[in-house]
Amino acid sequence: MNLRVVEKEDVPLFAEWLNKPEVFGEYNPLRQVSKTEIEKDFEKGALEMMDFIVEKKDGSRIGFICHFTLVHPAGKLLEIGYSLVPSERGKGYGTEVVRIMVDYLFLSKSIERIQAQTDARNVASQKVLEKAGFKKEGTMRKYLFIRGQLRDGCLYSILREEWKEPKILTKTT
Ligand SMILES: CC(C)(COP(=O)(O)OP(=O)(O)OC[C@H]1O[C@@H](n2cnc3c(N)ncnc32)[C@H](O)[C@@H]1OP(=O)(O)O)[C@@H](O)C(=O)NCCC(=O)NCCS
């Protein structure tokens, strides 16, 4: 399994994934976006939600992981999001992907924390985060609008001091 930066030729597949609710899973908001819009965002360097493709050793593309910045009155918060195609879930890839992303972000950015939010019912995602060293900060009640209902969300984070050193990426010093 490998993470690689998204390329233009990945855009049609991403459009397909984005518009298929089963790929984003039952705990993410529904969203429909045209391929044209996604292509435009990619050209502008403003494509949200997909900066790394998850690729298996045979070259097949099985999901994505992204990071984005939330602007908060007190500063900026770096958050991650991820999804795998249904047939590749439950095989340990989700955990590995989040670990690699944490390594990458702490090695490449001067940040002290990385956060993630999940629907409180999303056990798989919460386990992935905990296995990758994230801690639960709390539950946000009626926070996420999912499939017509407001659902509780959980906020997770990992601090640089809790990460300490790369678990997967080779040390650079
Ligand atoms: C969330 C997601 C990325 C998890 O990745 P994954 O590769 O399936 O997870 P892993 O195989 O690494 O499993 C991690 C843990 O979760 C458990 N798990 C996996 N699927 C589960 C499920 N459906 N229900 C309960 N636990 C589950 C695994 O058993 C494992 O725990 P263990 O080590 O104690 O056995 C994946 O399920 C997915 O893409 N879901 C749809 C999109 C989504 O919800 N994204 C996250 C939004 S916040």
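In case you missed it, the structure is sitting above this.
Treat the numbers as computed from the prediction; the structure is a model and nothing was measured.

Caption draft 1: Up close: the environment of Lys167. Of note, Lys167 is situated in the segment after helix H6 (160-163). With relative accessibility at 53%, the residue Lys167 sits in the exposed group. Considered as a pair, Lys167 and Arg99 are 68 residues apart in the sequence and their alpha carbons are 7.1 Å apart.

Caption draft 2: Region of the structure containing the site of the ligand. Close contacts around the ligand come from 22 residues, with Leu84, Gly90, Gly92, Thr95 and Lys131 the closest. Interatomic distance of 2.8 Å between a backbone N/O atom of Leu84 and an oxygen atom of the ligand. Within the contact set of the ligand, an oxygen atom lies 2.7 Å away from a backbone nitrogen or oxygen of Gly90. Burial of the ligand by the protein amounts to 71% of the accessible area it has alone, namely 930 Å². Contributing elements (two or more residues each) for the shell around the ligand: strand S4 (75-84), helix H4 (93-108), strand S5 (113-119) and helix H5 (123-131). When residues of the shell around the ligand are assigned to their parent elements, the largest contribution, six residues, is made by H5. Class assignment of the residues belonging to the shell around the ligand gives a composition of seven nonpolar, 11 polar and four charged.

Caption draft 3: Structural context of unusual backbone geometry. One non-glycine residue with positive phi stands out, namely Lys142, at about 45°. Tracing the chain through its elements places Lys142 in strand S6 (residues 135-146). For Lys142, a relative accessible area of 58% gives the class exposed. In this structure, Arg147 is a non-glycine residue whose phi angle is positive, near 50°. Structurally, the position occupied by Arg147 is in the loop between S6 and strand S7 (149-159).

Caption draft 4: Focus on the packing of H4 against H5. Two elements in contact, H4 and H5, have axes separated by 9 Å at closest approach and are oriented at 45°. Considering their axes alone, H4 and H5 lie oblique with respect to each other. Of the two possible hands of crossing, H4 and H5 adopt the one that is right-handed. Together, Gly94, Thr95, Val98 and Arg99 of H4 and Val128, Leu129 and Lys131 of H5 make up the contact between the two elements. When grouped by side-chain class, the residues that make up the contact of H4 with H5 number three nonpolar, two polar and two charged.

Caption draft 5: Seen up close, the environment of Ile53. Mapped onto the fold, Ile53 is located in strand S2 (residues 52-55). In the structure, Ile53 is positioned 39 residues away from Phe14 in sequence and 9.3 Å away in space, judged by C-alpha atoms. With residues up to four places along the chain from it excluded, the contact list for Ile53 reads Asn2, Leu3, Arg4, Val6, Asp10, Trp17, Arg61, Gly63 and Phe64.

Caption draft 6: Up close: the side chain of Asp10. Of note, Asp10 is situated in the loop between strand S1 (2-5) and helix H1 (11-18). Owing to a relative accessible area of 0%, Asp10 belongs among the buried residues under this scheme. Here Arg4 takes part through its side chain, which lies 2.8 Å from a polar atom of the side chain of Asp10. One polar contact links the side chain of Asp10 to the main-chain amide nitrogen of Glu7, over a distance of 2.7 Å.

Calculation criteria
- Residues numbered from 1 in each chain as written.
- Predicted model: local features only at pLDDT ≥ 70, side-chain atom pairs only at ≥ 80, totals over all residues.
- Heavy atoms only, no water.
- Helix = DSSP H or I, 4+ residues; strand = E, 2+ residues; numbered from the N terminus.
- Buried < 20%, exposed > 50% of the residue type's maximum accessible area, 1.4 Å probe, protein only.
- Near = heavy atom within 4 Å.
- Polar contact = N/O pair within 3.5 Å; in protein donor to acceptor, adjacent residues only side chain to side chain.
- Areas by Shrake-Rupley, 256 points an atom, 1.4 Å probe, with all protein chains shown as cover.
- Nonpolar A, V, L, I, M, F, W, Y, C, P; charged D, E, K, R; others polar.
- Axes fitted to C-alpha atoms, helices over the stretch in contact; angles between N-to-C directions.
- Parallel < 35°, antiparallel > 145°, perpendicular 65-115°, else oblique.
- Left-handed = near helix turned anticlockwise from the far one by under 90°.
- Contact = heavy atoms within 4.5 Å.

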